[in-house]
Amino acid sequence: MPRFADVAVQLPVSGTYSYRIPERLADRDIVGARVLVPFGNRGVTGVVVAQVAQPPDGVDRIRDLYALLDPEPMIVSPVLELCRWIAGYYECPPGESLRAALPPGTSITADQLVEVSDAGKAALAGAGGALPRQQLALLGLLSAEGGPIPQRSLTKGKVRAKDVALLVEAGLATYLLESSKARIKDKSVRVAKLRREVGDEDRARLARSKARLAVLDALVEAGGEADVEKLRETNVRASAHLRSLVGDGLVEMSERVVRIDAWERAESRTEGMVAPAEALELNEAQDDAVRALGAQTRAEQYTGFLLYGITGSGKTEVYLQSIAECLRLGKNAIVLVPEISLTPQLAARFRARFGPEVAVLHSALTIRERYDEWHRLREGQARIALGARSAIFAPIDNVGMIVVDEEHDSSFKQEEGVRYHARDVALVRAKKAGAVCVLGSATPSLESYYGTEVGRLELLELPKRATGKPLPDVELVDLRRNKPDKESMLTAPLATAIEETLNAGDQIILFLNRRGFDTFVTCTACGHAFRCRSCSVSLTYHRFRARLMCHYCAHEEALPRACPECDAQDSISRRGFGTEKITDAVAARFPNAKVERLDRDVASGAAIQSVLGRVARREVDILVGTQMVTKGHDFPGVTLVGVLCADTGLSLPDFRASEKTFQLLTQVAGRAGRGKKSGRVLVQSYRCDALAIKTAAQHDFDAFYAGEVRDRADLSYPPHGYLVAIRLDGANASAVIRQARRLSDAARRAGTERGVSVLGPAEAPLAKLKGRTRWHLWLQASERKTLRATVHDVLAANDPPAGVRVAIDVDPVSAL
C-alpha cells in the first residue's frame, strides 16, 4: 500500500517533495488532489503527483501531510501528465505549471505555530527536573507571549528551527496550524423537494393552513423541486412552512451547488453580432476539411493539421461542424483563441451552436465566473472549453479535438512565470490523448507551415472566401511621395477613399499599432527627452488624461510647463502619432462620421465587447485602433481598411519582425469586404519594397514564406534550428551583468563541443523595465537534445546573487 506522496508545491522551487500519508488517508487515491503540506515553517498548497511505497533514497526526515483539501482529485490524469511534461520541457517548477491547471482563488497557505505544552509549563515551574539552559530560555520566550507564536517569527531571530523541533520531540511544546481561507468556494442554495406525490388526504389535512398549502402547491407547480429563495418571493414565511412540511413527511431539504453562467453577463454586450445556430452550407474546400478532420476523430488517432485558409474563408464553420461530430462521438473539445475578450463573435457562434455545453475561460471574467466555468467542465456539465491560452489546461477527459485559432498569434506564448506556448502544448495534449489538433490561420507561423513540409502536420487549405467574394484590392501608398497630414496621418489617396466610403454608407477601419496622443515629448531648448525613470522607454502623452504615461510599468506624471532640466518656460514639444491623436484628427476632418477608438487605453474586457458590438450594429462609421482591430472580427459593413504606417514593427531588433509585420497587415486587410460588397485596402508605407509589405499587399503568403524561410536558413533560426533564451534581471545592474557573464561562460564550456552556439550576453533591447536592469543570452542549436543538455549544465552552474532573477525561455517568441 502506498505510504508516501510526491507533492509538487505551489512555489517557484524545482522538483517534488515527499510526505508521509496519514493513516486516515491510507486507502484513498489522492493523485491529482490538492493537499496542504508543511514547507519550512509554513504550510503551502501542493498537488499530489504520485503515491509510492517508499520515499526516495537519501531522504532522512519525512513529514506528514497536513490535510487533504479536495474530496475528489481536482486535476484529471491527462492534465496532470501534461503539467509534468510542461515542467520538464520548459524548465519550470512543476508546482507552478500545476497552478495554471487549477481554478483561481483556491490556494491555501498556513502558518506553523508553536505553543508551550502542559509539560513545558511544568518544567518552567521547576516540576520537570533540570533542563538545559537553552531549552529553558526558549520555553521562557514562548511562555512570555501568552499564546501560540508563528515559528517563522521565532526563527527570524537567533532561535534555530532545530531547537524548536527538539522541544516538540521532548513534549515540552506543540505545533499548531493556522490556515488561511481560499478566496472562493462553492456557492450553495437551499432546495426543497417533494418526497412523494401529494394526495387528496394531504390536501385535506392542510386545508386549515392555506399558506402552507400554497407553498406546497408552488412546489408541485415547480416540478417537485425548487430553491427556497424562489418560494420566498411569493411567500415571505415559506421557510417556516417548509419546516412544517418536512415534519409532515411531505418535503425534504438539501443543499445544491449553483454555478453562474458567465455567458449571460456577456450576451448584452454581443447584441447585434451574427451568430447562426444552424450549420451553414459548406463550399467544396470546407467540406473536404470537415471530412478529413472527422475521419481522424473517428479513428481516435492523433493527427496534427494546419488549416490554412485566407481571411474570410470560413475556418470557424469548419471548427463548428468538426466539433459537432466530435461531440456526437461522445468526445469533448478544447478551442483556444488568442484573446477571447477581443473575439466575442466567435464565442457567440459557439454558444449559439452548442448552448450551455460551452464553458468560457478567460481573464475578463470575474473570479467567481471563472471558478464556476472551470467546475462546469470538471463536473461534465460543459463539454467544450473555449478560451485563451490557459484553456489548454481545461479539466476534461476524453478529448477528441483541440482547435488553436489564429495559431500564429504571439499571445499564445506566456512571457512570465511558466513560459509555455499554448499552440505547442495543444499538440502535445492531443498526441497524448490520441486526439485531433487543428491549427488554424490565414497567416501561418513559419514553424507551423514548415511542419507541413517535413511531415509533422497535415495541410488543409481554404483558398477562397466563404461568401465567394474575392480578397480586397490592396493599394500601396508611398509616404515618400504622398506626404501625410500632420495631424491625422492621412495621405490624399486615403482621405479620398474615406470620403467615398462614407458617402456609400459603409464602414472604415484605420490601423496604427501605437496608442496615445503624442509618442515623443522633448524640450526644444536643451533637447531633454521625457523618459520613464524605471524603464528604458519614452513617456507617451495621453491627452484624455493630460498625463505622460509609461506603457510598461504604468508610471505617470503631469506634463510640466517648464523643462525639469534647463527650466526653460513653454519649451515642451510633443511629437509623434498615436491612436488617440488620430481619432481626434479624423473626427475633426469628417465631422458627420461617428468615430471610435479601440486600444488598451479605452477598452478592456466588457468595454472591448461594447465597442465591437456597436461596430457590428453599424453605430460606428470609422474605427481607429491598434492590433486589437486585426483579431478575426467579421464586420460585413467594413469595405475600407487604411493602414496609416505599415513600417512601425519592421525595424524592431527581433528576427521575427518581418513575419509579424506580414501577419498584421494581412490580418487587418482581411477585415475589408467580408459582406456583400467588395473591399479595398490602402497601406501607407515608407518601405513599399520590403518583403513583408510587398507580399502582404499581393496576398502572397507563399512568396513571403519562401523569402523569409530562406533568410532564416542562413542564420539557422527557427524553423531551421532551435533557441533558448536565458533572461536575467535585477535592481543591481552590476550583479546582473556579472551573472550574465558567468552563465555565458558556463554555456560556452558546455555547448562548444555539442555544436551549441551562444549569442551574448548582451543588454536586452528594453534594457530596463520596472526599475530592473535586463540582460540576456541566447543558445542556438540544430538539435533539441544537445540544446537541452547545455541548458541543464547552465542551470547546474546557476547560483545567482540575491535580487537577480534568471529565467529560462524555451522556444522564445519575443526578442525584446
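Everything in this summary refers to the structure shown in the same document. (Residues numbered from 1 in each chain as written. Predicted model: local features only at pLDDT ≥ 70, side-chain atom pairs only at ≥ 80, totals over all residues. Heavy atoms only, no water.)

With respect to the sheet that holds strand β14 (residues 332-336)
Strand order in the open sheet formed by seven strands is β15-β16-β14-β17-β18-β13-β19, and the pairing between neighbours is parallel. In the strand order of this sheet, the two ends are held by β15 (358-361) and β19 (458-462), each with one partner. Ignoring strand direction, the axes of neighbouring strands in this sheet form an average angle of 20 degrees. Relative to strand β18 (residues 436-441), strand β17 (residues 399-405) is paired through five bridges, and the arrangement is parallel. (Pairing = 2+ DSSP bridges. Helix = DSSP H or I, 4+ residues; strand = E, 2+ residues; numbered from the N terminus. Axes fitted to C-alpha atoms, helices over the stretch in contact; angles between N-to-C directions.)

Description of the pattern of salt bridges
Applying the stated criterion across every chain, the model contains 53 salt bridges. The residue Asp 202 makes a salt bridge to Arg 205 at a minimum N-O spacing of 2.9 Å. Taken together, the residues span about one helical turn, with Asp 202 and Arg 205 both in helix α7 (residues 200-205) at a distance of three residues. For Asp 202, a relative accessible area of 6% puts it in the buried group. A salt bridge links Arg 680 to Glu 475; the nearest nitrogen and oxygen atoms lie 3.6 Å apart. You can see Arg 680 sitting in strand β30 (residues 680-685) and its partner Glu 475 sitting in strand β20 (residues 473-478), a full 205 residues away along the chain. Taken together, the shared-partner salt bridges connect Asp 186, Arg 259, Arg 368, Asp 372 and Glu 379 into one network. (Salt bridge = Lys/Arg side-chain N within 4 Å of Asp/Glu carboxyl O. Buried < 20%, exposed > 50% of the residue type's maximum accessible area, 1.4 Å probe, protein only.)

Notes on the sheet that holds strand β11 (residues 225-227)
Strand order in this open sheet of three strands is β11-β10-β12, and the pairing throughout is antiparallel. The sheet terminates laterally at β11 and β12 (251-258), the two strands that pair on one side only. Taken over all neighbouring pairs, the strand axes of this sheet differ in orientation by 30 degrees on average, direction set aside. Pairing analysis gives eight bridges linking strand β10 (residues 187-194) to β12, with the strands arranged antiparallel. Following the sheet pairing, Leu 194 is matched in β12 by Val 251. Contacts from helix α8 (residues 210-221) reach β10, β11 and β12, with the element oriented near 100 degrees to β10. (Contact = heavy atoms within 4.5 Å.)

Re unusual backbone geometry
Of note, the bond from Pro 718 into Pro 719 is cis; its omega dihedral lies within 30 degrees of zero at 15 degrees. The topology assignment puts Pro 719 in the loop between α23 (701-715) and β31 (722-730). The omega torsion of the bond from Gly 760 to Pro 761 falls at 15 degrees, within 30 degrees of zero and hence cis. Relative to the assigned elements, Pro 761 resides in strand β32 (residues 757-769). Of note in the backbone geometry, Glu 91 takes a positive phi value of approximately 55 degrees without being a glycine. Considering the arrangement of structural elements, one finds Glu 91 in the loop between α1 (77-89) and α2 (94-99). Positive phi, close to 55 degrees, is recorded for Glu 300, a residue that is not glycine. Mapped onto the elements of the fold, Glu 300 is located in the loop between α12 (284-299) and β13 (303-309).

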